[in-house]
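Coordinate inspection notes
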Amino acid sequence: MIELDCISRVYHMGGETLRALDSVSEKVLPGEFVALIGPSGSGKSTLLNVIGCLDRPTDGVYSLEGHAVDGFSDDELSRIRRDTFGFIFQSYHLIPRLSAQANVEVPMVFAGVPKAERARRSAEALAAVGLSERAKHRPAELSGGQRQRVAIARATILAPRILLADEPTGNLDSAAGAQVLALLDKLHGQGLTLIMVTHDPKVAARAERVLLLEDGRVAKRLTGAQLAAAGEGPSGR
Amino acid sequence: MSPRDTFRFAAGALLRHRLRSLLSLTGVTIGVAAVVLLTALGEGALRYVAGQFEAIGSNLLIVIPGKVETTGGLPGIGGAPNDLTQADATALGAALPTVLRAVPVAVGTDTVSNRERRRQVLILGTTEGLLPARQLTMNRGRFLPPLDEGRGAPVAVLGSTVAQELFPGQDPVGKPIRVGDSRLRVIGVLDSKGTQMGIAVDEVVMVPTPTAMALFNRSSLFRIVLQLAGPGLGEVTEERVLAIMAERHGEEDVTVLTQDSVVGALSGILLALTIALAAIAAVSLSVAGIGIMNVMLVSVSERTSEVGLLKALGAQNRQVLAVFLTEAVLLSGSGGLLGLCLGFLLGRGFTWKWPDFPLAAPPWAIAAAFTTSLVVGAVFGVLPARRATALDPIAAMSRR
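Residues numbered from 1 in each chain as written. Chains lettered and ligands numbered in written order. Predicted model: local features only at pLDDT ≥ 70, side-chain atom pairs only at ≥ 80, totals over all residues. Heavy atoms only, no water.

**Digging into the domain arrangement of chain B**
Selection criterion: Segment limits for the domains were obtained from an automatic or database-derived domain assignment.
In terms of domains, chain B is made up of domain 1 (3-53 + 267-397) and domain 2 (82-252). Once you take the C-alpha centre of each, domain 1 of chain B and domain 2 of chain B turn out to be 56 Å apart.

So, in C-alpha cells, the structure goes:
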C-alpha cells in the first residue's frame, strides 16, 4: 500500500521557489488503477516520481508497504525500485546501443539473474508484448509503439507489484497507443497496481480512480466512470 | 551482478560507441606515445653524452709533468719541472701491478705532406699501448711498435681524415710522407672515431714517441697515460705513482689526473640533462593526463541520463560505478598499451633513420606513462559517473 502524508516537493531555481507538490495526502491500495491528470506543471509527473522513489519529497511522510521511505539510503531505494516498481516513460528511455532483448534484460543483469535465465525470461516477456520477431533489433529500428512495448516488457521483467507509467501513450498514434493501453489493462488485470500519468481524459477514464492535480494539489477525486460521464473532461490540454 | 556481466556491459558500451571510444583511445594513445618517445629522446641524449665519456677510455690515469703547487700555474705550463721521460713510463708500467699499460704521449704540431698535398696536423708520439687504452681500432695496416727507447722507427699511423686528404682514393699503407724535414713511411690508418676528449682523433698523425721527441726537439713527454687493470684502483695507484716519481726525480713534480676528476667536472652537465629529462617526462605526462581527463570527463558526463536510468531500473551505485570503472580501465588500459606500441614503433623509425643516437625509453618512464594513463583514465572515468550516481534518478535522467 502507498501512503502519502502531506507530501511536498519544492524546487529552487535561481532564487525562485517552485512548489511542484503541495501537501498531497493520498492512499493507493494494492491492485488499484489510478490515473493522475492535470494541466502541465500541475505536479502529476513529480508525484509519480516521488511514489517511484526516483525523487525525494522535500516534506511529508511517504510510507511504502508500511515502511517510511525517507530514512532509506540510496542503495536501499535502488533495491525498492528493483523489487517493487516497474517504470514506463513517455520517451521510452531504452538504451540505444542494446537490442530489444538486451534492454529487457538490463534490470536482471543488475539483479544478478544468471545469463541463461535472463535469455529465457526476456524471450518470454517479449513474446507477451508481441515482439518476439524484433528481439534482436535496436530501439532505432523499432516504431514508437514497439519501443514502448519493449519498455513494458522491461518494466515487468522482475515481476514488480506496482507499475508506474508516465504518459505511456504521449508519443504514440492512437493505434499504437491502444495496443500499449491494452497491455497495461492486461497487467492490471493480473493484479498489478497501476499508476498512470496522462493528459488524455479518454485514457484516464479507464482507471478506477482519477486524481486531478492543480498547482501541486489534488483538486478533485473522481472515479473513471465519473470522468467518462462528465464527457468534457478536466481542464487538461 | 557478476564480474562477467559487468565486463560484458562495459565492453558493450565501448563497442557500441565506436567513434567516441576511438577518440578517447587516440587521446590516451598519443599521450602515452609522446611520453615514451620524449623520454627516450632525453635518455638518449643522456646516454650519448655518457657514451662520449666512456669513449675516452676506461680506467685511465694521466700523469703530467709539473705540480700545481710548485709552479703556481696550470700543471704543465710554466715553471721548470723535471722532464717526464720514456724511462719514467717504463718504470711505472713495470713497478705497478695495478697498471695494465703505461703509454707515453708526446705532442707537437707540424706540416705533413704527400707530394703537393700538405696539411698542418697534430702529431702524437706514442706507442702500441695507446690503441687499447683509448679504445681505438685500425682501419688498415698496423699500429705503432711497442715502447722503443732507442731512435724510433720512421713510421706513422694516420687518422682517417688525414689519410683521405693526403691520399684521396688511395691506400696510404706503405707510402712515404714528409713530416717537417723527416721522411716517414705510413704503416696504418685508424678507424674514424670523431672527437675524444677534445682531440679530433681522425685528424692526427701518430708516430713512435722517440720519433716525435726528435721531430720537436723535446726532452719531456706531454703526459703518460696509465690504463688500470680494473675499476676502483685509481686512488691506490695515484699514491704509488706519486711515490715512484718522487723517488725517481728526487721531488714530487708530477700531477696525476683521474678520469673521475674529468667526469666529475662534467657531471654538472649530466645532472642538468637528467633534470631536463625528468621535466620533459613530467610535462608530457601531465599533458597526456589532461588529455585523458578531458576525454573521459566528456564521454562519461554525457551519459548522466543513462546512469539515472540504470538506477531507476534498480542498479545500485557501486554496480553502476563498477561498470564505468571497467569501461574506463578497458579504454585507458588499451589506449595505454597502444601508446606504448606506437611509442616503440616511432622509436624504431627514429633509430632506423639516426642509428648513432642511443634512443632508449627509460623503464620508469614507460611504467609511469602506462600507470598514469590507467589511473587518470579510471579516476576521470569514474568521477563524473560518481557525480551522476549522487543525483536522484529522475534528476540524472533529465540531463542530456
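**Things to note about the pattern of salt bridges**
As a reminder, the rule being used: One side-chain nitrogen of Lys or Arg within 4 Å of one carboxyl oxygen of Asp or Glu is enough to make a salt bridge. In DSSP terms, a helix is any run of H or I states spanning at least four residues, a strand is any run of E spanning at least two, and both are numbered starting from the N terminus. The classification of residues rests on relative accessible area computed with a 1.4 Å probe and restricted to protein chains. Under 20% of the type maximum is buried, over 50% is exposed, and intermediate values are partly exposed.
Applying the stated criterion to the full structure yields 25 salt bridges over all chains. Here glutamate 32 of chain A and arginine 209 of chain A are joined by a salt bridge, their closest N and O atoms 2.7 Å apart. On the criterion of sequence distance, the pair formed by glutamate 32 of chain A in the loop between strand S2 (16-28) and strand S3 (33-37) and arginine 209 of chain A in strand S9 (residues 209-214) is long-range, its members being 177 residues apart. Pair check on accessibility: glutamate 32 of chain A and arginine 209 of chain A agree, each one buried. Taking the shortest distance from any N to any O, the salt bridge between arginine 8 of chain B and aspartate 5 of chain B comes out at 3.1 Å. With arginine 8 of chain B and aspartate 5 of chain B both in helix H1 (residues 3-16) and three residues apart, the pair spans about one turn of that helix.

**Observations concerning the packing of helix H5 (residues 144-156) of chain A against helix H6 (residues 174-189) of chain A**
Residue and element names in this part refer to chain A. Selection rule: Note on geometry: axes are C-alpha line fits, over the in-contact stretch for helices, and angles between N-to-C directions span 0 to 180 degrees. Working rule for angles: under 35 degrees goes down as roughly parallel, over 145 as roughly antiparallel, 65 to 115 as roughly perpendicular, anything else as oblique. Definitions for this section: a left-handed crossing has its near helix turned counterclockwise from the far helix by less than a right angle. A right-handed crossing has that turn clockwise. Two residues form a contact once any of their heavy atoms are found within 4.5 Å. Residues are grouped as follows: nonpolar covers Ala, Val, Leu, Ile, Met, Phe, Trp, Tyr, Cys and Pro; charged covers Asp, Glu, Lys and Arg; every other residue, Gly included, is treated as polar.
Look at H5 against H6: their axes get within 9 Å of each other, and the N-to-C directions meet at 15 degrees. Here H5 is positioned roughly parallel relative to H6, judged by the angle of their axes. Every pair of crossing elements has a handedness; the one defined by H5 and H6 is right-handed. In this structure, H5 contributes Gly145, Gln148, Arg149, Ile152 and Thr156 to the contact, and H6 contributes Ala176, Gln179, Val180, Leu183, Leu184 and Leu187. For the contact of H5 with H6, the class distribution of residues is six nonpolar, four polar and one charged.

**Let's talk about the environment of aspartate 59 of chain A**
Residue and element names in this part refer to chain A. Structurally, aspartate 59 is set in strand S4 (residues 59-64). Take aspartate 59: its relative accessible area is 52%, and that puts it in the exposed class. Sequence separation between aspartate 59 and isoleucine 7 is 52 residues, and the spatial gap between their C-alpha atoms is 5.6 Å. Apart from the residues within four sequence positions on either side, aspartate 59 is in contact with Cys6, Ile7 and Ser8.

**Things to note about the interface of chain A and chain B**
How big an interface is tends to be expressed through the accessible area that disappears when the partners come together. The condition is simple: Reported buried area values correspond to the accessible surface (1.4 Å probe) lost by two parts on association, with both partners' losses combined.
Across the boundary between the two partners, chain A contributes 27 residues, which contact 28 residues of chain B. The largest per-residue losses of area from chain A upon contact with chain B belong to His93, Arg97 and Phe110 of chain A, which jointly make up 32% of the total buried on that side. In this structure, the salt-bridge partner of aspartate 74 of chain A is lysine 311 of chain B, at a minimum N-O distance of 2.7 Å. Within the residue set of the side of chain A that touches chain B, elements represented by two or more residues are helix H2 (74-84), helix H3 (100-111) and helix H4 (115-128) of chain A. If you tally residues by element for the side of chain A that touches chain B, the top one is H2 of chain A, at six residues. Among the residues making up the side of chain A that touches chain B, the classes are represented as eleven nonpolar, four polar and twelve charged.

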